[in-house]
Amino acid sequence: MKTRLLIQLVTVLMLIVLISSCAKTKPQVVVEEAPKPIDLALAATKAGEEAYGSDQLEEAILKFKEAIGFFEAAAPNAQPSDSIEVNIERMQINIAKVNMDMATESSSAQMHKEAISQLQEALTIFKQIKPITITVAEKTEILQALYIRLAYAQQADHQYEEALLSYDRVLEIEPGNEEILNNKYVILNDNIKDENRAFQVLKDYATASNDYKAYLILGARYNEKKNVAEATKYYEQALTLNQSNDVLTRVSDFYRSNNNWAASNKVLDQLIANKPDNATLAAVYRLMGDNFNRLKNNAKKVEAWEKSVALERNADISLALAKHYYDAKNYNKAITFATQVISQESNNAAAYLLRGDSYFRLKKNTEAKADLQRIVNHREYGATAQKLLKSIK
């Protein structure tokens, strides 16, 4: 009994030793640690960037979305250096950017519905972003550009009412945007063919916003329709709200387009009172001179044009002044302004003729011959020059 017991005990001990020996001699299996979410997120980001670089846009979106999921999973155990929120925003912006690129391709291929869907996706993303890597101003600018692109795509797809709503979103961001107001007018007037509604939309906006730009557009649109009375009312309303150089110039141009030269000059007088820069002032005096010319007020015309060329030389105006003074037999002034022309346009035959003839009438024959001889072969003025030269002794 004791022997059997001993044998059994030894057998057990040997088995234990064997097992122990086997454990010591068996190769150890290395168990790989599961990838961390942050590593998976970075890998998905890289894969998305590579797909985008290869123009695999759908694949890029999938990878960027995967990256967002992994970044979100990593968030509970993330370190500050992992910048989870920053990276998630970057992925969101990447997805929006890819959708915008796809919309561009869709629009080029006349696939407007696809473009609309892609732009709406980009809009949804940007509206949800709470800016970290971009500023609030940059986000607003992007949203505005997206609404404009969406409106264009909707208009191209004949979704006119939807396009009007998209343009309204732009006006919420940038009230008084003239291009957008005009686009709304065009949709209603040209596409929907509802002229009354087109004008009413502009009027309602103008009344609600009291924005001078809206009144300028109303004035311009009524002027297109040859309704000068209504156009005048709205241009004057714009002028009441804003007397900037731009508004004054546009109102003056409106009056000129309707041959109301006196009203144009009245507005230009206001512009002069604003004390603009010399180049602008010179242009204003040129216009005033032209208005006075059409009103047959030579004295005021000359006064305005002389002020203009004193600020900024202009060969055409100087030539007109030279001709005026030549006709008035004020040959010294004719010479002065003809010389201004020649200083700018050294081959101006008309200026040489005026100056040469003026010298001749002042009995400055040497100077007269020098000018007239330059143009003896001119097609238009050569014969007159030759005739004058024969008269010089």
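Residues numbered from 1 in each chain as written. Predicted model: local features only at pLDDT ≥ 70, side-chain atom pairs only at ≥ 80, totals over all residues. Heavy atoms only, no water.

1. Remarks on helix H19 (residues 365-373)
Reasoning step 1: All of the buried residues in H19 are Ala368, Asp371 and Leu372. Projection of H19 onto a plane perpendicular to its axis shows the buried side chains occupying an angular sector of 95°, all on one side.
Reasoning step 2: Contact partners of the buried residues in H19: helix H18 (349-361) and helix H20 (382-391). (Buried < 20%, exposed > 50% of the residue type's maximum accessible area, 1.4 Å probe, protein only. Helix = DSSP H or I, 4+ residues; strand = E, 2+ residues; numbered from the N terminus. Arc of directions from axis to C-beta. Contact = heavy atoms within 4.5 Å.)

2. Focus on H18
Reasoning step 1: Compared with the 18 Å implied by 1.5 Å per residue over 13 residues, the 18 Å span of H18 between its first and last C-alpha is a close match.
Reasoning step 2: Where burial is concerned, most of H18 is hidden: eleven out of the 13 residues are buried.
Reasoning step 3: If you check which residues of H18 are buried, you get Ala349, Ala350, Ala351, Tyr352, Leu353, Leu354, Arg355, Gly356, Asp357, Ser358 and Tyr359.
Reasoning step 4: Against helix H16 (315-327), helix H17 (331-344), H19 and H20 lie the buried residues of H18. (Expected span 1.5 Å × (residues − 1).)

3. Re the packing of helix H9 (residues 195-209) against helix H10 (residues 212-224)
Reasoning step 1: Contact geometry for H9 and H10: axes closest at 9 Å, N-to-C directions at 155°. Put simply, H9 runs roughly antiparallel to H10. For the crossing formed where H9 meets H10, the hand is left-handed. In contact with Phe199, Leu202, Lys203, Tyr205, Ala206 and Thr207 of H9, H10 contributes Ala214, Tyr215, Ile217, Leu218, Arg221 and Tyr222.
Reasoning step 2: Of the residues in the contact of H9 with H10, the class split is nine nonpolar, one polar and two charged. (Axes fitted to C-alpha atoms, helices over the stretch in contact; angles between N-to-C directions. Parallel < 35°, antiparallel > 145°, perpendicular 65-115°, else oblique. Left-handed = near helix turned anticlockwise from the far one by under 90°. Nonpolar A, V, L, I, M, F, W, Y, C, P; charged D, E, K, R; others polar.)

4. Topic: the side chain of asparagine 99
Reasoning step 1: Here asparagine 99 lies in helix H4 (residues 84-108).
Reasoning step 2: Using a relative accessible area of 6% as the deciding quantity, one classes asparagine 99 as buried.
Reasoning step 3: The residues contacting asparagine 99, other than those within four sequence positions of it, are Ile61, Gln118, Glu121 and Ala122.

5. Quick notes on the pattern of salt bridges
Reasoning step 1: According to the stated counting rule, one finds 20 salt bridges in the structure shown.
Reasoning step 2: Measuring nitrogen to oxygen at the nearest pair gives 3.0 Å for the salt bridge that ties aspartate 357 to arginine 361. Residue aspartate 357 and its partner arginine 361 are both found in helix H18; the two are separated by four residues, about one turn of the helix.
Reasoning step 3: Classification of arginine 361 by relative accessible area gives partly exposed; the value is 42%.
Reasoning step 4: Through salt bridges that share partners, Glu178, Asp246 and Arg250 make up one connected network. (Salt bridge = Lys/Arg side-chain N within 4 Å of Asp/Glu carboxyl O.)

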